[in-house]
Amino acid sequence: MIQEDDLTVAFKALAHPIRRAILDLVKDGPKTTGYLDEQFENVSRYAVMKHLTLLEEAELIVVRREGRTRQNYLNAVPLQQIAERWMNRYQSDLASSLLDLKSNLERGKEEMENEYGYKYDTFQIEQEIRIKAPIDAVYTSLTENIDTWWAYRLCGEHSTLSFEPKVGGQFLETTSEDHGALWGTVTYINAPHEIRLNGLLGMTGAVTSAYSYKLRQEGEETVLSLSHHAAGLLDPNWHTAHDEGWKELLGTFLKKYVEEGKSYHEQSK
């Protein structure tokens, strides 16, 4: 365990940005004092030497002299002792995993922005549709009968859609040729009043997407409220495409199916 006095010295050494920059320079291998001095054009050699002395006193660097050359090595032990003071092994492993995830996401974000023109963004879609039918009929159409009116397909026009109305249930598209796509996974359900799902809905890459239906009866009508939120590396066109897509799916295909009994094939003729 690192002692209090050593801890104070270490924190003092880490407090200055030039000393932190020196540690960044030596972390990949030893550097000569002359090399380190050359990296700070606006800092005198005397000041650089003073920073190196403080780092050496804090045991954050170890100096080895080779003839007239001074080699400066990083000593990571005090840094590890500082981390261990406030983190147990489980927390350390978790923090490392989260840092790896953060690094991968940031690297993926940069790569996708460069390659595809995607940008980190969010969108929120809120829509309300009135359907002249009892709430139970609309709920059944959203779940058991979804293959009849949901017009969009990811696996071809002859695929089949199924919806399991339970927590963990899948909104799934399959074909006879073992081709499939997951449109969503149910995270909450309160039949016939609310369904929440997580699903990309045709989006790809580093994206999180969640959507929900809320139903309420008003006289002879059922009011269906849609909420869809997405965040991540988004194509600039996805917001508009999904906003228009929901309007067509719910406001046209679902509404006509419930009110008139017409499947999306009949409506498309």
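Look up: the structure comes first, before these words.
**Student:** Help me understand the packing of helix H2 (residues 17–26) against helix H4 (residues 45–57), please; the structure alone is not making it clear to me.
**Tutor:** In helix packing, the relevant descriptors are the interaxial angle and the interaxial distance, both defined with respect to the helix axes. Contact geometry for H2 and H4: axes closest at 10 Å, N-to-C directions at 70°. Taken together, the axes of H2 and H4 lie roughly perpendicular to each other. Across the interface between the two elements, Ile18, Arg19, Ile22 and Leu23 of H2 pack against His51, Leu52, Leu54 and Leu55 of H4. For the contact of H2 with H4, a count of residues per class yields six nonpolar, one polar and one charged.

**Student:** Before we go on, may I ask you to explain the sheet that holds strand S10 (residues 221–234) in this structure?
**Tutor:** Paired through backbone hydrogen bonds, the strands of a sheet run either parallel or antiparallel to each other. On the basis of which strands lie adjacent, the open sheet formed by seven strands has the order S4-S10-S9-S8-S7-S6-S5 and antiparallel pairing. Every interior strand has two partners, whereas the edge strands, strand S4 (119–131) and strand S5 (160–163), have only one. The average angle at which neighbouring strand axes cross in this sheet is 15°, direction not considered. As paired strands, S4 and S10 are joined by 13 bridges and run antiparallel to one another. Bridge pairing in S10 links Glu126 to Ser227. Against the sheet, helix H7 (residues 135–142) touches S4, S5, strand S7 (180–190), strand S8 (194–198), strand S9 (207–218) and S10, its axis set at about 155° to S9.

**Student:** Got a minute to help me understand the environment of His51 in this structure?
**Tutor:** In this structure, His51 sits in helix H4. The class of His51 is buried, set by a relative accessible area of 10%. For the pair His51 and Ile22, spaced 29 residues apart in sequence, the C-alpha to C-alpha distance is 8.6 Å. With sequence-adjacent residues up to four places away left out, His51 is seen in contact with His16, Ile18, Arg19 and Ile22.

**Student:** Just checking my understanding: could you explain the packing of aromatic side chains for this structure?
**Tutor:** The geometry of an aromatic ring pair is captured by the separation of the ring centres together with the interplanar angle, meaning the angle of the planes. What the rule picks out here adds up to nine aromatic pairs. Here the aromatic rings of Tyr211 and Trp246 are separated by 5.5 Å at their centres, their planes lie at 50°, and the arrangement is tilted. Of this pair, Tyr211 sits in strand S9 while Trp246 sits in helix H9 (residues 238–260), and the two are 35 residues apart along the sequence. Take Trp246: its relative accessible area is 2%, and that puts it in the buried class. An aromatic cluster is present here, built from Trp149, Trp150, Phe163, Phe171, Trp183, Tyr211, Tyr213 and Trp246 joined pairwise through their rings. The ring of Tyr188 is capped by Arg196, whose NZ or CZ atom sits 4.0 Å from the centre of that ring.

**Student:** Hey, could you run me through the pairing of strand S6 (residues 170–174) in this one?
**Tutor:** Successive residues of a regular strand alternate their side chains across the two faces of the sheet. Covered by surrounding structure in S6 are Phe171 and Glu173 only, the residues Gln170, Leu172 and Thr174 on the alternate face being uncovered. Of the strand pairs in this sheet, S5 and S6 are connected by four bridges, and their pairing is antiparallel. Bridge pairing in S6 links Leu161 to Glu173. Inspection of the sheet shows S6 paired to S7 by five bridges, in the antiparallel sense. For Gln170, the partnering residue across the bridge sits in S7 and is Thr185.

About the cut-offs
- Residues numbered from 1 in each chain as written.
- Predicted model: local features only at pLDDT ≥ 70, side-chain atom pairs only at ≥ 80, totals over all residues.
- Heavy atoms only, no water.
- Axes fitted to C-alpha atoms, helices over the stretch in contact; angles between N-to-C directions.
- Helix = DSSP H or I, 4+ residues; strand = E, 2+ residues; numbered from the N terminus.
- Parallel < 35°, antiparallel > 145°, perpendicular 65-115°, else oblique.
- Contact = heavy atoms within 4.5 Å.
- Nonpolar A, V, L, I, M, F, W, Y, C, P; charged D, E, K, R; others polar.
- Pairing = 2+ DSSP bridges.
- Buried < 20%, exposed > 50% of the residue type's maximum accessible area, 1.4 Å probe, protein only.
- Phe/Tyr/Trp six-rings, centres within 6.5 Å; stacked < 30°, edge-to-face > 60°.
- Lys NZ or Arg CZ within 6 Å of the ring centre and 35° of its normal.

Note that all results are geometric; they support no functional claim without further evidence.
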